Amino acid sequence: RKEVEQDPGPFNVPEGATVAFNCTYSNSASQSFFWYRQDCRKEPKLLMSVYSSGNEDGRFTAQLNRASQYISLLIRDSKLSDSATYLCVVNKVAGYSTLTFGKGTMLLVSP
Amino acid sequence: ETGVTQTPRHLVMGMTNKKSLKCEQHLGHNAMYWYKQSAKKPLELMFVYSLEERVENNSVPSRFSPECPNSSHLFLHLHTLQPEDSALYLCASSHVTSVGNDTQYFGPGTRLTVL
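Quick caveat: nothing in here was measured; it's all calculated off a predicted structure. (Residues numbered from 1 in each chain as written. Chains lettered and ligands numbered in written order. Predicted model: local features only at pLDDT ≥ 70, side-chain atom pairs only at ≥ 80, totals over all residues. Heavy atoms only, no water.)

Draft legend 1. Highlighting the overall build of chain B. A tally of helices and strands in chain B yields 0 helices and 11 strands. When the elements of chain B are put in sequence order from the N terminus, they spell out β-β-β-β-β-β-β-β-β-β-β. Radius of gyration (C-alpha) of chain B: 14 Å, near the 13 Å computed for a compact globule of 115 residues. Scored against the burial criterion, the 115 residues of chain B give a buried share of 50%. (Helix = DSSP H or I, 4+ residues; strand = E, 2+ residues; numbered from the N terminus. Rg over C-alpha atoms; globule rule 2.2 N^0.38 Å. Buried < 20%, exposed > 50% of the residue type's maximum accessible area, 1.4 Å probe, protein only.)

Draft legend 2. Inspection of the state of the cysteines at higher detail. Summed over all chains, the structure comprises 2 disulfides over all chains. Between the sulfur atoms of Cys23(A) and its disulfide partner Cys88(A) the distance amounts to 2.0 Å. Negative torsions about the S-S bond denote left-handed disulfides, and the value of about -80° found for Cys23(A) with Cys88(A) makes this one left-handed. Of this pair, Cys23(A) sits in strand E3 (residues 19-25) while Cys88(A) is found in strand E9 (residues 84-93), placing the two residues 65 residues apart along the sequence. Relative accessible area serves as the criterion here: at 1%, Cys23(A) is assigned to the buried category. Across the disulfide, Cys23(B) is cross-linked to Cys91(B) (sulfur-sulfur distance 1.9 Å). Of note, the bridge from Cys23(B) to Cys91(B) carries an S-S torsion of about -75° and is left-handed in sense. Highlighted residues: Cys23(B) in strand E3 (residues 18-25) and Cys91(B) in strand E9 (residues 87-94), separated in sequence by 68 residues. Per residue, the accessibility class of Cys23(B) equals that of Cys91(B), and both read buried. The closest cysteine sulfur to the non-disulfide-bonded Cys68(B) is located on Cys91(B), 9.1 Å from its own sulfur. (Disulfide = S-S within 2.5 Å.)

Draft legend 3. Examining the nonpolar core more closely. Membership of the largest hydrophobic core comes to 23 residues, with the highest contact counts inside it found for Phe21(A), Trp35(A), Ile71(A), Leu73(A), Ile75(A), Tyr86(A) and Leu107(A). Among the elements of the structure, E3, strand E4 (32-38), strand E5 (44-50), strand E7 (60-65), strand E8 (70-75), E9 and strand E11 (105-110) of chain A are those that each provide at least two residues to this core. Sequence-distant contacts of Ile75(A), that is, excluding residues within four places in its chain, are made with Ala17(A), Thr18(A), Val19(A), Phe21(A), Arg59(A), Phe60(A), Asp82(A), Tyr86(A) and Leu107(A). Judged by nonpolar contacts, the second largest core, of 22 residues, contains Phe47(B), Tyr49(B), Val60(B) and Leu74(B). (Core = buried A, V, L, I, M, F, W, Y, C linked by side-chain atoms within 4.5 Å. Contact = heavy atoms within 4.5 Å.)

Draft legend 4. Looking closely at the environment of Glu84(B). Within the secondary structure, Glu84(B) sits in the loop between strand E8 (73-79) and E9. When the C-alpha positions of Glu84(B) and Val114(B) are compared, they lie 7.6 Å apart, and in sequence the two are 30 residues distant.

Encoded structure:
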């Protein structure tokens, strides 16, 4: 089983749509969780951290289910500028952080 | 913009060349990382330096040699690379705390092509 698994997509959605991405992870020792965004030929940038209680940042909502080892990202009212690859990332800390990345899910938002 | 810079941004080298990638962070972080991103593969962690000491080496071939002279600078020395080493090499930094929920910030990467 892959350490972090995501549907690669692409997800093609019209502007204004709501889209959800899912991610599963295999290492139950993982301690913190993130969604990063990567634009084509650019570096990954942190989108948001993910907490067990769920957290929201504007149009973005992230959820974590530790029991099922499952992470989700919901994007409401999609914008053209949301087109990117969304990376699910889990972190294991042992004096320093060790991030494990999924392959990413590509989102294409069209007019 | 992110406080992590990398040079060069693009590099083309032959298999017999020796080159170095440079990373500098201006964020006051205490840990630095090298990642490799190949096409259609997830980012792979190569090396971790925490407080200038190498703490992780993920079975990386010896033709990649990291160096961390101080907490702000990280190098990746390359020699006798193979074409399959062509990839985007990303540097990141973070401030590791006892809580552990530190965020890694990435540089723009060096796109390496080995001929």
